[in-house]
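# Working through the structure, step by step
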Amino acid sequence: MVQFKCDGCQSFIKDEAYAAYVQKAFEAFDVLRDETGEGNDFLGWKALPSETPESLIAACEDVRDQWKEKGIDLVVVIGIGGSYLGAKCAVEALSHAFVRPEGQPQVVFAGNNLSEEYLAELMDLARTRSTAVIVISKSGTTTEPAVAFRIFKEYIEQTYGKAEAAGRIVAITDAQKGALKTLATQEGYKTFVVPDNVGGRFSVLTPVGLLPIAVAGFDIRAMLQGAAAEREALLVKNENNAAVRYAAVRNLLHADCGKAVEILVTYNPKLTYLAEWWKQLYGESEGKDGKGIFPASVTNTADLHSMGQFIQEGSRVMFETVVSVEKSLRDVVIGSDEQNLDQLNYLAGQHVNHCNAMAQLGTKLAHIDGGVPQMEVSIACINEENLGAIFYFFEFACGISAYVLGVNPFNQPGVEAYKKNMFALLRKPGYEAQTEAILKRI
């Protein structure tokens, strides 16, 4: 279960204003629950934790087991935005930071950039390993993943032959149409469906996230169970509802206190990509119609030595939401040293996690004194169940928050602008007129 606290905001907001925004959040809660708001044809994610069929879970586990039998030890997941960030978050959070467990493949990501160096270096790795590919795209024509897939498809076919390649490539795409679906049918790839009623940034609990997470060796059943438990808690309409309170306070800080930037703070580097996933979720959902709270992130304590000065004393336009982990799953105790040249003997016998907790508390007090309100979202520990819960918490809260803000949480019209310019500059057929117009501007 996800816990929420906002005591770090008490000196910044008035009780009557808080009550008013909780009421607004309850009204938005009704809209989301009853599916009566804008974008209500993209609410399939709401029921996913409880309604994911056993056949889908088993199919993900079958791919995992078949590739393990083949001796595949490198899986390249190709996708961009919501097609990779949730899986990347889970894999990074659950994996050992430095050692790949014996028998588990290394899962890496491509198609999220157009860096030639990145692709070339990833190909260097693939040439030393037994490689498979998961390609994720609704259409199959999004430039970044399409470029990466073309390169890896050619490599897989040349290295293993077309027949074997069909068993080393899985496509997650539209059920019936699109370039990738056509290719998958033609080549005989195993396919999974991107649901029509789930947008990319809400898709981590669909095959988009579940298959890469399963292939990496993690328990997707526990993840879905955690999300289902969180869903059950969040569907209860009362003043303890964590998603309602989070949505209310962040909108209050934005509207009444002039806070235009929300910083998601983690004190565990395993959650760095949770922040990256969260930034897309809230940035794409709320940043439209000239509105929105800008989502940023830091990973402390490292960023206290880089961004700490600005947060403490810079422009007072921000508030923080700290994602706390109550218990470490590993133990490291600080020893004693006879010479004590580093002057750390006062910490002898303490767990490193205790020091981290005191750094977090000390920072909270300093930032509140410096004019930065702070909320806290916490989980008991980092495991599959709690990741599923926090994924669902932020998704549900996002829907409420965007409706309070007065925007459609489930569209993203602005992301097409750069693509049109890029296609014109690359001289894609059909963009000739735009090419001439753009060339006159540069």
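The structure contained in this document is the topic of the report that follows. It should be emphasised that the depicted structure is a prediction, and the values quoted were computed from it without experimental measurement.

## Describing helix H6 (residues 143-160)
Between the first and last C-alpha of H6 there are 26 Å, a value that for 18 residues agrees with the 26 Å anticipated at 1.5 Å per step. Along H6, the positions that sit buried rather than exposed are Thr-143, Glu-144, Pro-145, Ala-148, Phe-149, Phe-152, Lys-153, Tyr-155, Ile-156 and Glu-157. Just downstream of H6, Gly-161 is the residue with a positive phi angle, here 90 degrees.

## Focus on the nonpolar core
Counting residues in hydrophobic clusters, the biggest one holds 97 residues, and the most contacted among them are Trp-45, Phe-394 and Ile-400. Considering each element in turn, this core owes the most residues, 13 residues, to helix H15 (residues 384-405). The residues contacting Ile-400, other than those within four sequence positions of it, are Ala-25, Ala-28, Phe-29, Leu-32, Ala-243, Val-244 and Ala-247. Listed in part, the 23 residues of the second largest apolar core include Val-76, Phe-149, Ala-184 and Tyr-189.

## Re helix H5 (residues 116-126)
Listed as buried for H5 are Leu-119, Leu-122, Met-123 and Ala-126. Buried residues of H5 fall within an arc of 105 degrees about the axis and therefore sit on the same side. Residues of H5 that are exposed and point over 90 degrees away from its buried face: Glu-117 and Glu-121. Summarising the contacts, the buried residues of H5 are in contact with strand E2 (74-78), strand E3 (106-110), strand E4 (131-136) and H6. Between the side-chain oxygen at the start of H5 and the backbone nitrogen of Glu-117 there is a gap of 3.5 Å, and the oxygen is on Ser-115.

## Some points on the pattern of salt bridges
Counted under the stated rule, the structure contains 24 salt bridges. Here Glu-54 makes a salt bridge to Arg-221, at a shortest N to O gap of 2.8 Å. Taken as a pair, Glu-54 in helix H3 (residues 54-70) and Arg-221 in helix H10 (residues 220-234) lie far apart in primary sequence, 167 residues in all. Overall, Glu-54 belongs to the partly exposed group, its relative accessible area being 45%. Salt bridges sharing common partners tie together Asp-30, Arg-33, Asp-34 and Lys-237.

## As for the layout of surface pockets
The gaps left among the atoms become clear once a water-sized probe is rolled over them. By volume, the largest pocket amounts to about 1100 Å³. Lining the largest pocket are 32 residues; nearest its centre among them are Asn-268, Lys-270, Ser-328, Leu-329 and Asn-353. Mapped onto the lining of the largest pocket, the elements with two or more residues apiece are helix H4 (85-94), strand E9 (318-325) and helix H14 (352-369). By residue number, the principal contributor to the lining of the largest pocket is H14, which donates five residues. Per-class residue counts for the lining of the largest pocket are 13 nonpolar, 13 polar and six charged. Within this model, the second largest pocket holds a volume of roughly 800 Å³. Lining the second largest pocket we find 29 residues, and of these Ser-83, Lys-138, Gly-200, Gln-412 and Lys-419 sit closest to its centre. Among the elements that make up the lining of the second largest pocket, the one with the highest residue count is helix H16 (residues 416-425) (three residues). Its residues placed into classes, the lining of the second largest pocket shows 11 nonpolar, 12 polar and six charged.

## Observations regarding the packing of aromatic side chains
Centre-to-centre distance and the angle between the planes together describe a pair of aromatic rings. Counted by the stated rule, this structure contains 19 aromatic pairs. Ring geometry for Phe-29 and Phe-396: centres 6.0 Å apart, planes at 65 degrees, overall edge-to-face. A residue pair is termed long-range when its members are at least 10 positions apart, and Phe-29 in helix H1 (residues 15-34) and Phe-396 in helix H15 qualify at 367 residues. The residues Phe-29 and Phe-396 share a single accessibility class, namely buried. Here Phe-396 falls in the buried class, since its relative accessible area comes to 0%. Taken together through their ring pairs, the aromatic side chains of Phe-29, Trp-45, Phe-202, Tyr-392, Phe-396, Tyr-403 and Phe-410 make up a single cluster. Sitting over the ring of Tyr-21, Lys-24 keeps its end group 4.2 Å from the ring centre.

## A few points about the sheet that holds strand E6 (residues 190-193)
With parallel pairing, the five strands of this open sheet are ordered in space as E3-E2-E4-E5-E6. Each edge of the open sheet carries a strand with a single partner, namely E3 and E6. Put simply, the sheet's adjacent strands are angled 20 degrees from each other on average, direction ignored. Bridging between strand E5 (residues 169-173) and E6 involves four bridges; their strand directions are parallel. Its bridge partner being in E6, Val-170 is matched across the sheet by Lys-190. In this fold H6 packs onto E2, E3, E4 and E5, with an angle of close to 150 degrees to the strand it touches most, E4.

## What about unusual backbone geometry?
Cis geometry marks the peptide bond from Asn-300 to Thr-301, where omega comes out at 15 degrees. For Thr-301, the position within the fold is in the loop between strand E8 (294-299) and helix H13 (308-313). Of note, Asp-289 is a non-glycine position whose phi angle comes to about 55 degrees, a positive value. Note that Asp-289 resides in the loop between helix H12 (272-286) and E8. A positive phi angle is found at Gln-343, which is not glycine, with a value near 60 degrees. Structurally, Gln-343 is set in the loop between E9 and H14. Exposure remark for Gln-343: the relative accessible area of 59% places this residue in the exposed category.

Reading guide: rules and limits
Residues numbered from 1 in each chain as written. Predicted model: local features only at pLDDT ≥ 70, side-chain atom pairs only at ≥ 80, totals over all residues. Heavy atoms only, no water. Helix = DSSP H or I, 4+ residues; strand = E, 2+ residues; numbered from the N terminus. Expected span 1.5 Å × (residues − 1). Buried < 20%, exposed > 50% of the residue type's maximum accessible area, 1.4 Å probe, protein only. Core = buried A, V, L, I, M, F, W, Y, C linked by side-chain atoms within 4.5 Å. Contact = heavy atoms within 4.5 Å. Arc of directions from axis to C-beta. Polar contact = N/O pair within 3.5 Å; in protein donor to acceptor, adjacent residues only side chain to side chain. Salt bridge = Lys/Arg side-chain N within 4 Å of Asp/Glu carboxyl O. 1 Å grid on protein atoms, 1.4 Å probe; cavity = no way out; pocket = protein on both sides within 12 Å on 5 of 7 lines; lining within 4 Å. Points joined across faces, edges and corners; volume = space filled by probe spheres on them. Nonpolar A, V, L, I, M, F, W, Y, C, P; charged D, E, K, R; others polar. Phe/Tyr/Trp six-rings, centres within 6.5 Å; stacked < 30°, edge-to-face > 60°. Lys NZ or Arg CZ within 6 Å of the ring centre and 35° of its normal. Pairing = 2+ DSSP bridges. Axes fitted to C-alpha atoms, helices over the stretch in contact; angles between N-to-C directions.

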